[in-house]
Amino acid sequence: MAKRKAGKDYFGLGRVISLVLVIIPVTSLILGIIVKIQQKQWLGVIVRIFFGWNIIWILDIIFMVLEKRIFPLL
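In this text the structure is predicted, and so the values were computed from the model without any measurement. (Residues numbered from 1 in each chain as written. Predicted model: local features only at pLDDT ≥ 70, side-chain atom pairs only at ≥ 80, totals over all residues. Heavy atoms only, no water.)

Chemist: When you look at the overall build of the protein in this model, what are you seeing that I'm missing?
Modeler: Within the protein, the regular secondary structure consists of 4 helices and 0 strands. The order of α-helices and β-strands along the protein, N terminus first, is α-α-α-α. Burial status across the protein gives 30% buried among its 74 residues. Taking contacts inside the protein between residues at least 6 apart in sequence as the whole, the part at least 24 apart equals 52%. Summing over all exposed atoms, the protein offers an accessible surface of approximately 4,900 Å²; the carbon and sulfur share of this is 75%. (Helix = DSSP H or I, 4+ residues; strand = E, 2+ residues; numbered from the N terminus. Buried < 20%, exposed > 50% of the residue type's maximum accessible area, 1.4 Å probe, protein only. Contact = heavy atoms within 4.5 Å. Areas by Shrake-Rupley, 256 points an atom, 1.4 Å probe, with all protein chains shown as cover.)

Chemist: Explain a nonpolar patch on the surface here, please?
Modeler: The grouping of F11, L13, V16, I17, V20, I24, V26, I30, I34 and W53 at the surface amounts to a nonpolar patch, some 870 Å² of accessible area in total. Those elements giving two or more residues to the nonpolar patch turn out to be α1 (15-23) and α2 (25-38). Relative to the helices and strands, I34 resides in helix α2. Judged by relative accessible area, which is 34%, I34 ranks as partly exposed. (Patch = residues over 30% accessible without salt bridge, like charges linked within 9 Å, V, L, I, M, F, W, Y side chains within 5 Å. Salt bridge = Lys/Arg side-chain N within 4 Å of Asp/Glu carboxyl O.)

Chemist: Honestly, the nonpolar core in this entry has me stumped. Any pointers?
Modeler: Membership of the largest hydrophobic core is limited to 7 residues, which are Y10, L21, V22, L31, V35, M64 and I70. Taken together, the elements giving at least two residues each to this core come down to α1 and α2. (Core = buried A, V, L, I, M, F, W, Y, C linked by side-chain atoms within 4.5 Å.)

Chemist: What am I meant to see in the pattern of salt bridges here?
Modeler: Side chains carrying opposite charge are able to pair once their charged atoms draw close together. Throughout the structure, instances matching the rule amount to 2 salt bridges. E67 is the partner of R69 in a salt bridge, and the nearest nitrogen-oxygen pair spans 2.9 Å.

Chemist: I would appreciate a short explanation of the packing of aromatic side chains in the present structure.
Modeler: Any two aromatic rings considered together are summarised by their centre-to-centre distance and by the angle between their planes. Applying the stated criterion to the full structure yields 2 aromatic pairs. Here the aromatic rings of F63 and F71 are separated by 5.2 Å at their centres, their planes lie at 70°, and the arrangement is edge-to-face. F71 shares its class with F63; the two are buried. (Phe/Tyr/Trp six-rings, centres within 6.5 Å; stacked < 30°, edge-to-face > 60°.)

In structure tokens:
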């Protein structure tokens, strides 16, 4: 299995699929938490749990469209 760059898309899925997943608030929250756990960014996990439904969700959409990754908290 080829190693992919960290932080790009959700789990190596294509750009279109990642955009669809990030637009849906529930999947964006869950997948954002999972991605931050995989990156071992524990503060990012906590922030996403408490603030993932509002501004971070909007920032995730913007970053996914522009940079193909979710919003880097830290």
